[in-house]
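An overview of the molecular structure
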Amino acid sequence: MKKDQVIIKKSNIKLFLSALLEHRPISRTELAKKIDISPTSVTRISSLLITKGLIAETDTTSKGVGRHAVMLDTVSGSAYALGIEIKSTALRLAVTNLHNDCVAVKVINYNVFDYSLEALSEKIHTEAMLFIAENHIDYEKIIAVGVAVPGIVNHTSSKVELSTQLKWQDQDILPYLHPLFNKPVIIENDTKAKIRGEKALHNIPDGVDSAVLSIGNGLSAAAVSREKVVRGFRNAAGEIGHITVEADGVLCDCGRTGCLQTRLCNKFLLTEARKYNAEINSLADIVDAYNSNVSWAVDIMNKFRSAYLMTLDILESCYNPAVIIVSGYVVKYMKPLLELWAGEYSNNKNRNITIIVTLASDHTAAVGSSIIALDEHITDLLDDINI
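Description of the structure in this document. Note that the structure is a prediction, hence the values are computed from the model and not measured.

Per the secondary structure count, the chain includes 12 helices and 16 strands. Since a compact globule built from 387 residues should have a radius of gyration of about 21 Å, the 23 Å found for the chain is in line with a globular shape. Buried positions account for 50% of the 387 residues belonging to the chain. The contacts of the chain with a sequence gap of at least 6 include a subset with a gap of at least 24, amounting to 60%. Accessible area of the chain: about 18300 Å², with a carbon and sulfur share of 48%. Within the chain, one finds 40 positive and 44 negative side-chain charges whose respective centroids are separated by 4 Å.

The end-to-end C-alpha distance of helix α6 (residues 190-201) is 16 Å, a good match for the 16 Å that 12 residues give at a rise of 1.5 Å each. Summarising burial for α6: 10 of the 12 residues are buried, a large majority. Listed in full, the buried residues belonging to α6 are Asp 190, Thr 191, Lys 192, Ala 193, Lys 194, Ile 195, Arg 196, Gly 197, Glu 198 and Lys 199. Taking the backbone nitrogen of Thr 191 as reference, a side-chain oxygen 3.0 Å away marks Asn 189 as the first, capping residue of α6. Downstream of α6 by one or two residues, Asn 203 has phi in the positive range, about 55°.

With respect to the helices and strands, Arg 351 occurs in the loop between α11 (331-347) and β16 (354-357). When the C-alpha positions of Arg 351 and Thr 271 are compared, they lie 34 Å apart, and in sequence the two are 80 residues distant. Every residue in contact with Arg 351, bar those within four places of it in the chain, is listed here: Asp 313, Glu 316, Tyr 345 and Ser 346.

Glancing now at the packing of aromatic side chains. Within the structure shown, the criterion is met by 6 aromatic pairs. Each member of the aromatic cluster is reached from another via a ring pair, and the members are Phe 304, Tyr 308 and Trp 341. The aromatic ring of Phe 113 is capped on one face by Lys 167, whose charged end is 5.0 Å from the ring centroid. Directly above the ring of Tyr 139 sits Lys 183, whose terminal nitrogen or CZ lies 4.7 Å from the centroid.

Next up on the list: the packing of helix α4 (residues 117-134) against helix α5 (residues 174-181). Packing of α4 against α5 leaves a shortest axis separation of 9 Å and a crossing angle of 30°. Relative to α5, the crossing made by α4 is right-handed. Along its contact with α4, which presents Leu 117, Glu 118, Ser 121, Glu 122, Ile 124, His 125 and Ala 128, the element α5 presents Tyr 176, Leu 177, Leu 180 and Phe 181.

Here helix α10 (residues 295-319) contains 25 residues, and its C-alpha end-to-end distance of 36 Å stays within 8% of the 36 Å for a straight helix at 1.5 Å per residue. One or two residues past the end of α10 sits Asn 320, with phi positive at roughly 50°.

Turning to unusual backbone geometry, a few remarks are in order. At the junction of Arg 24 and Pro 25, the peptide bond is cis and its omega measures out at -10° in the coordinates. Among the structural elements, Pro 25 can be located in the loop between α1 (2-23) and β1 (26-27). Phi is positive for His 136, close to 55°, though the residue is something other than glycine. The topology assignment puts His 136 in the loop between α4 and β7 (142-149). Judged by relative accessible area, His 136 falls into the exposed class, the value being 73%. For Asn 293, which is not a glycine, the phi torsion comes out positive at approximately 65°. With respect to the helices and strands, Asn 293 occurs in the loop between α9 (283-291) and α10.

Okay, the pairing of strand β12 (residues 210-215) next. Most of β12 is tucked away: 6 of the 6 residues are buried. Alternating residues of β12 divide into Ser 210, Val 212 and Ser 214 and Ala 211, Leu 213 and Ile 215, and every residue in both groups is buried. In textbook terms, the turn of a hairpin is the stretch between consecutive antiparallel strands, and for β12 and strand β13 (residues 219-225) this stretch comprises 3 residues. Inspection of the sheet shows β12 paired to strand β15 (residues 323-327) by 5 bridges, in the parallel sense. From the neighbouring strand, Val 212 faces β15, where its bridge partner is Ile 325.

Let us look at the side chain of Ser 282. Here Ser 282 lies in the loop between α8 (266-274) and α9. Side-chain polar atoms of Ser 282 contact the backbone nitrogen of Ala 284, separated by 3.2 Å. If we skip the residues at most four places from it in the chain, Ser 282 touches Leu 270 and Tyr 333.

Taken as a whole, this structure holds 0 disulfides when the rule is applied. Among the cysteines around Cys 252, which has no disulfide bond, Cys 259 carries the closest sulfur, lying 3.8 Å off.

Let us now look at the pairing of β13. Among the 7 residues that make up β13, 6 are buried, leaving the element largely enclosed by the rest of the structure. Pairing of β12 with β13 involves 6 bridges; the strand directions are antiparallel. What sits directly across from Ser 214, in β13, is Ser 220. Inspection of the sheet shows β13 paired to strand β14 (residues 228-229) by 2 bridges, in the antiparallel sense. Considered in β14, the bridge of Ser 225 is made with Lys 228.

Thresholds applied
Residues numbered from 1 in each chain as written. Predicted model: local features only at pLDDT ≥ 70, side-chain atom pairs only at ≥ 80, totals over all residues. Heavy atoms only, no water. Helix = DSSP H or I, 4+ residues; strand = E, 2+ residues; numbered from the N terminus. Rg over C-alpha atoms; globule rule 2.2 N^0.38 Å. Buried < 20%, exposed > 50% of the residue type's maximum accessible area, 1.4 Å probe, protein only. Contact = heavy atoms within 4.5 Å. Areas by Shrake-Rupley, 256 points an atom, 1.4 Å probe, with all protein chains shown as cover. Lys, Arg positive; Asp, Glu negative; His and termini not counted. Charge placed at Lys NZ, Arg CZ, Asp CG, Glu CD. Expected span 1.5 Å × (residues − 1). Polar contact = N/O pair within 3.5 Å; in protein donor to acceptor, adjacent residues only side chain to side chain. Phe/Tyr/Trp six-rings, centres within 6.5 Å; stacked < 30°, edge-to-face > 60°. Lys NZ or Arg CZ within 6 Å of the ring centre and 35° of its normal. Axes fitted to C-alpha atoms, helices over the stretch in contact; angles between N-to-C directions. Left-handed = near helix turned anticlockwise from the far one by under 90°. Pairing = 2+ DSSP bridges. Disulfide = S-S within 2.5 Å.

Pasting the structure below:
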């Protein structure tokens, strides 16, 4: 029974902190109403968190008639989480604070195929500790570490079941990272991490169901509903890149033909364009040819447009989000076209949906993984207190 009580109390603390972060600053009375727990419990929790240094009473007081209540707010520098995105050619690092604000980022270029899992873990730890020191962050205040990896990640075991980008299959990096950091470490799919980072970046309020579409060398999506990542069986919800759209289409990385990502992703577009012009070096060249009305480029981009609109329709039909965020490497070269076609999609049948096409997303997977890690382990700070 005591164990159950501790779980309930920790759950109440998470609700308390979540509501406080969303509505900060806020009075104890208003907080009790929003999370539907007793004022006595709110007072006890607030005293506990003030003792721990996570929140504080502010100089601000509530407005309106009657006695003005003292407001509560979180202390931004009281706790942090470290986020790491593992890409094939770069490591991206980020630290976020209790307000989900990103306070530092860094990119380290490398080649993942030069390292074993053990050697890669040591490099990640070395670079992360240097990054933390460079930004004068107290390591003791880092609660947890989030690691974002492309591919299918088993959320229960943290094993990477398949990552075509990293060429990993049934790989488990957690046993190497955990002893090095000596902190809780979570392993997360990069797009599922990205949706949390994108929501923070674009200040999309809690409770607004959202989806992210990432178009780069692969195609993936993720969604949050009521601030919970939609995971599905095997944590593979959103792996839409391998939906078959053309039975006799282009051979995909997965070994099948005609996958959706072969119509949208960078390397497939370049391969197709080079059949007509061997001197094509980037997506910018394809877009330039399209804008010049070159016939082969028009054909490729018309197929892209159809696949893009189909993908938006898939996301809206499956997740029913209020907001879709379109991000990834392809946006760098095609943002005006993606915005134009997104507008066409939204206007068709007067769809009540907001589509944000963004370039500012290089670090959102790292940021999002740190936010997820912070969410999961914030109550770890309270283990040494009788709650």
